[in-house]
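# Notes for the structure review
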Amino acid sequence: MGNTVAREDFEWVYTDQPHADRRKEILAKHPEIKALMKPDYNLIWVVVLMVLAQLTAFYLVKDLDWKWVVFWAYVFGSCISHSMTLAIHEISHNSAFGNSKAMWNRWFGIFANFPLGLPYSISFKRYHMDHHRYLGGDGIDVDIPTNFEGWFFCTRFRKFIWIVLQPFFYAIRPLCINPKPITRLELINLLAQLIFDVVIYYLWGVKSMFYMLAGSVLGLGLHPISGHFIAEHYMFLKGYETYSYYGPLNLLTFNVGYHNEHHDFPNIPGKSLPLVKKIAAEYYDNLPQYNSWIKVLYDFVMDDTISPYSRMKRKLKGEVKQD
């Protein structure tokens, strides 16, 4: 348990990310993929139903014993909450209403944010676009852990704690790595969320509030779906910085597991990413891939050569444009 991992720094690379070049190659060979670059209107109804499901759950848990509130927060609420963060991920790419109605997507993201309990949607969009443009960019891509995370979480036990605390690190990391001035939309997101939370507390009390907040924290921490945080970009094989997952949890996560496909074509909704893989199979079938996010979490903890340092990182050149 106390073994220290060998890596002492990130994997610094001096090449551009591979996704832009692969996208050009694939589109030249398979131009029919362009037809998939359109909104997924079904996403709207799925999100509405998810919000209604959580509102129903808030009502149902209000009079339960605390042990059952905790139980349902982890078994049900955490799954819906984590799935909703990935719906917000889809919305951040304008997948609900399309690029021509960008603000409709922003307002809808604020709506989707409600059952999470904490404002998230607008800030996530701002930072996530940087992640796509400048994958691994030093001081820009806040998906990369801090040096403290890499240095401190260097044993099996500490890596386990790091996984449990993932929501905390994803919340605090942008403030440490790449703080941005607060925008009007972020303030609206915050105010709308506070009003929603107050209404839930006023209507149904502290147990419903606890269920909402605990579900979000538990769902983003030690949870099977959280394997995607590590599976997407942690370098289990030297030289590969993005990995796809083709297991059943894609059904709950808007196909976020198709991560090479997503970075190659971020303007294609998750619903259509399996078609991208099918059409351009020669580009994806031989890339490293996963079929179990639980195994990813286990391997991350138990493999003494893997740690938060196991990420590719680049010094950015030229002008950097951020949202």
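Residues numbered from 1 in each chain as written. Predicted model: local features only at pLDDT ≥ 70, side-chain atom pairs only at ≥ 80, totals over all residues. Heavy atoms only, no water.

### Topic: the layout of surface pockets
Of the pockets and cavities examined, the largest pocket occupies roughly 1200 Å³. Around the largest pocket sit 41 residues that line it, and Tyr 120, Ser 123, Phe 124, Tyr 170 and Ala 171 are the ones nearest its centre. Of the residues that constitute the lining of the largest pocket, the class distribution is 24 nonpolar, eleven polar and six charged. For the second largest pocket, the lining is made up of 22 residues, of which Asp 16, Gln 17, His 132, Arg 133 and Tyr 134 are closest to its centre. (1 Å grid on protein atoms, 1.4 Å probe; cavity = no way out; pocket = protein on both sides within 12 Å on 5 of 7 lines; lining within 4 Å. Points joined across faces, edges and corners; volume = space filled by probe spheres on them. Nonpolar A, V, L, I, M, F, W, Y, C, P; charged D, E, K, R; others polar.)

### With respect to the pattern of salt bridges
All chains considered together, the criterion is met by 17 salt bridges. Two residues, Asp 65 and Lys 67, come together in a salt bridge whose shortest N-O distance is 3.5 Å. By relative accessible area, Asp 65 is classed as partly exposed at 46%. Residue classification places Lys 67 among the exposed positions, given a relative accessible area of 55%. (Salt bridge = Lys/Arg side-chain N within 4 Å of Asp/Glu carboxyl O. Buried < 20%, exposed > 50% of the residue type's maximum accessible area, 1.4 Å probe, protein only.)

### Brief notes about the packing of helix α3 (residues 66-92) against helix α10 (residues 206-219)
For the pair α3 and α10, the least separation of the axes is 7 Å and the interaxial angle reads 50 degrees. Here α3 is positioned oblique relative to α10, judged by the angle of their axes. Crossing handedness for the pair α3 and α10: right-handed. Note on element contacts: α10 touches α3 through Val 206, Lys 207, Phe 210, Tyr 211, Met 212, Ala 214, Gly 215, Ser 216, Leu 218 and Gly 219, opposite Trp 66, Val 69, Val 70, Trp 72, Ala 73, Tyr 74, Phe 76, Gly 77, Ser 78, Ser 81 and His 82. Split by residue class, the contact of α3 with α10 holds 13 nonpolar, seven polar and one charged. (Axes fitted to C-alpha atoms, helices over the stretch in contact; angles between N-to-C directions. Helix = DSSP H or I, 4+ residues; strand = E, 2+ residues; numbered from the N terminus. Parallel < 35°, antiparallel > 145°, perpendicular 65-115°, else oblique. Left-handed = near helix turned anticlockwise from the far one by under 90°. Contact = heavy atoms within 4.5 Å.)

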